[in-house]
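Each chain is listed here by its residues.
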Amino acid sequence: MKLSYGKMNKYLLAGVLAVGVAGCSDSDKAEKAAAEEAVAEFNLLALVPVDSPYVFASSRKLPLELSEKLLKASAVNLEDGSLRAELAVSGADTDEAGQDMVKLVDAFLAELEGKMSAKGLESLGLPINGRSLIYGLGMLPVAWVEILDAGKVEAFLSRVEERSGMQAEKLTRGDISYRRFELDKLVGILAVGKEHLIMAVLPAKSEVEMLPLVFGETKPEKSLADTGAFKAFSSKRKFLGYGDGYLDLVRMAEMALGESQGINAQVLQGLGVSPKELSAACHGFIKTTVQSVPMISFGFTEVTDRKYAIRATLETSPGVAAWLQKMSAPVPGVGVPNDGMVSLGVGFDLPQIRDGIKAMLRNFLETGKGCELVNEEELAQAMQGVDVAFNPMLVGMGIRGFSITVNNIEVDTQTMTPKTVDAQVLLAATDPKSMFSMAGMLSPQLAQLDIPTDGTPVRVPLESMSPVAPPTFAAIKGETLALIVGDTAPDGIDQALSAPVADAPPFFSMSYDADKLFQTIGPPMKNMVQSMQGEEAADLQAAYQSMETAAEVYGKIDFRMLGTERGFEIDTVVNLK
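Residues numbered from 1 in each chain as written. Predicted model: local features only at pLDDT ≥ 70, side-chain atom pairs only at ≥ 80, totals over all residues. Heavy atoms only, no water.

1. A look at the packing of aromatic side chains
For step 1, the next point in the chain: Considering all chains together, one arrives at 13 aromatic pairs under this definition.
For step 2, the next point in the chain: Seen in terms of ring centroids, Phe285 and Phe364 are 5.8 Å apart; in terms of plane orientation they differ by 80 degrees. Their pairing is edge-to-face. Separated by 79 residues along the polypeptide, Phe285 in helix H13 (residues 280–291) and Phe364 in helix H15 (residues 350–367) bring together distant segments of the chain.
For step 3, the next point in the chain: Looking at Phe285, the relative accessible area reads 13%, which means it is buried.
For step 4, the next point in the chain: A connected cluster of aromatic rings, assembled from ring pairs, spans Phe230, Phe233, Phe239 and Tyr246. (Phe/Tyr/Trp six-rings, centres within 6.5 Å; stacked < 30°, edge-to-face > 60°. Helix = DSSP H or I, 4+ residues; strand = E, 2+ residues; numbered from the N terminus. Buried < 20%, exposed > 50% of the residue type's maximum accessible area, 1.4 Å probe, protein only.)

2. Regarding the nonpolar core
For step 1, the next point in the chain: Of all hydrophobic cores here, the largest spans 36 residues; its most connected members are Leu133, Phe215 and Phe230.
For step 2, the next point in the chain: Among the elements that take part in this core, helix H8 (residues 207–214) stands out by supplying four residues, more than any other.
For step 3, the next point in the chain: Judged by nonpolar contacts, the second largest core, of 28 residues, contains Leu379, Val386, Phe436 and Phe507. (Core = buried A, V, L, I, M, F, W, Y, C linked by side-chain atoms within 4.5 Å.)

3. Section: the pairing of strand E3 (residues 140–146)
For step 1, the next point in the chain: In terms of residue burial, E3 counts as a mostly covered element, since five of its seven residues are buried.
For step 2, the next point in the chain: Sheet topology note: the strand E2 (residues 132–137)/E3 ladder contains six bridges and is antiparallel. If you follow Gly136 over to E3, its bridge partner there is Pro141.
For step 3, the next point in the chain: The hairpin formed by E2 and E3 contains two residues between the paired strands, and Gly138 there has a positive phi angle of roughly 65 degrees.
For step 4, the next point in the chain: Bridge count between E3 and strand E7 (residues 196–203): five bridges; the pairing is antiparallel. Paired with Ala143 across the bridge in E7 is Met199. (Pairing = 2+ DSSP bridges.)

4. Notes on the pattern of salt bridges
When their charged atoms lie close together, side chains carrying opposite charge are able to pair.
For step 1, the next point in the chain: For the coordinates displayed, the defined rule picks out 29 salt bridges.
For step 2, the next point in the chain: Across the pair Glu111 and Arg159 runs a salt bridge, and its minimum N-O distance is 2.9 Å. Of this pair, Glu111 sits in helix H5 (residues 96–112) while Arg159 sits in helix H7 (residues 150–164); the two residues are 48 residues apart in sequence, bridging distant segments of the chain.
For step 3, the next point in the chain: With relative accessibility at 8%, the residue Glu111 sits in the buried group.
For step 4, the next point in the chain: Exposure remark for Arg159: the relative accessible area of 33% places this residue in the partly exposed category. (Salt bridge = Lys/Arg side-chain N within 4 Å of Asp/Glu carboxyl O.)

5. Some words on the environment of Ala46
For step 1, the next point in the chain: Within the element layout of this structure, Ala46 appears in the loop between helix H1 (5–41) and strand E1 (54–58).
For step 2, the next point in the chain: Sequence separation between Ala46 and Asp571 is 525 residues, and the spatial gap between their C-alpha atoms is 30 Å.
For step 3, the next point in the chain: When sequence neighbours within four positions are dropped, the list of residues in contact with Ala46 reads Lys219, Pro220, Ser223 and Ala225. (Contact = heavy atoms within 4.5 Å.)

6. Considering the environment of Phe300
For step 1, the next point in the chain: Along the chain, the position of Phe300 falls in strand E9 (residues 295–304).
For step 2, the next point in the chain: Judged by its relative accessible area of 11%, Phe300 is buried.
For step 3, the next point in the chain: Along the backbone, Phe300 and Ser234 are 66 residues apart, and their C-alpha atoms lie at a distance of 9.9 Å.
For step 4, the next point in the chain: Look past the residues within four positions of Phe300 in its chain and what remains in contact with it is Lys238, Phe239, Leu240, Tyr242, Gly243, Asp244, Tyr308, Ala309 and Ile310.

This is the structure in structure tokens:
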């Protein structure tokens, strides 16, 4: 059998692709299996009642290199003292209980100064990437955090206590020593076990009954470990176990309405909280409304030494999700990776948004009948206002959104004004020519411009409006209007007009390169700091240091908001150096 050189290359390429796809698939399967195993073996989930209204669990340790970079980036405002200064200002007008809390937090932050590193945290008995669990006993929080050395943690807490001037009652319970803080109707618990730091806030009236649950001496009747509910939750959403969780809005509504049971009801009773008396119609209206947005979920979807991705979702009913997916519209450049310094964009389907809002208001009118919280007259007026707000002229022009990309700016280090600009704006509309004609209301020169629809660039005389305006060109092709700013603007017009659209168009997207941004803004900021005095200089210096550290740690950061089959989704992807 003979193979030509071309055929051999084709088969070789096919083989390489097949191996690559198989490798990616095997890698994804291995990561999913590791996440599921970690959640299944995370025995702290046995502490969490199955009806807990919120849960956050880190069943896997973040990679050490990633943890060190994130800690470095987060430590700036602590190390320069600005975080404690903000705390002092925000707590100045609080009541006595609030002042005590401010003192306690300030002492805690003071002890962390100079120790925001793997070695520094180790000196306090804390790991840089320990596993943890936060959950709700009713609405009140309980937290378990892994530690390295119980003796060092005890010493750390003693120093915090001494510095804050708050002397806690010290007690022991089996192998656990704990501090008890009285907080009016609440009790704060801070305990050190062999392997965990345990923190909780409890109703003072129910402290005796709930402490065994907090310390794990007794288990809830049904836990997330017993039912496998959290494992199923994470697996279904493809979370990786590095920090996943949810806020159950249905459980929260039940507590607000006085319809909760078990530990959730016990906590409310201990707090002396009585729900507002509402009619049966209002109970039904609130429960029906919340069922359409039952949960907020969040978790890591990708983690490496140099990159992580987080997805947060307002989960909705299928009907609401279907509408959310129709709300966005494809706009060139929006939600698409680019090499710019800063970019942002929006894409929207105005008729779908208008009709969806009106449908929601009609639904409120229908399901809210007889509910004293629902004002039918105001809802009817709101429906009329929707048509006014969505101007028929704008809807008729078919405007779908825009994208802005700033590739580079040269800023004068003395005046903070731009010297040169390289940027582009893309506007998507059914009739982009009419959209540009509206700019003629701002200037007679703009009104006289005739922009062809074949992509030919036309210079826009912005210098007639502002002497410092950079050279700007406009072009129209199909349903896209491009504005290119910069000395070489005409050269990039074709590429701008042919910008791709995202496979899953977002409502909003934004990205920026932390290093490029700092290289552009940093030098003039530094000059301004040197020319200023007092509090303003200190604030600007803190901002400069934050940007400098971010530039050392972060690369490109991408953020987008979109509708999916699960609901309203917010995706963040962070690349690190």
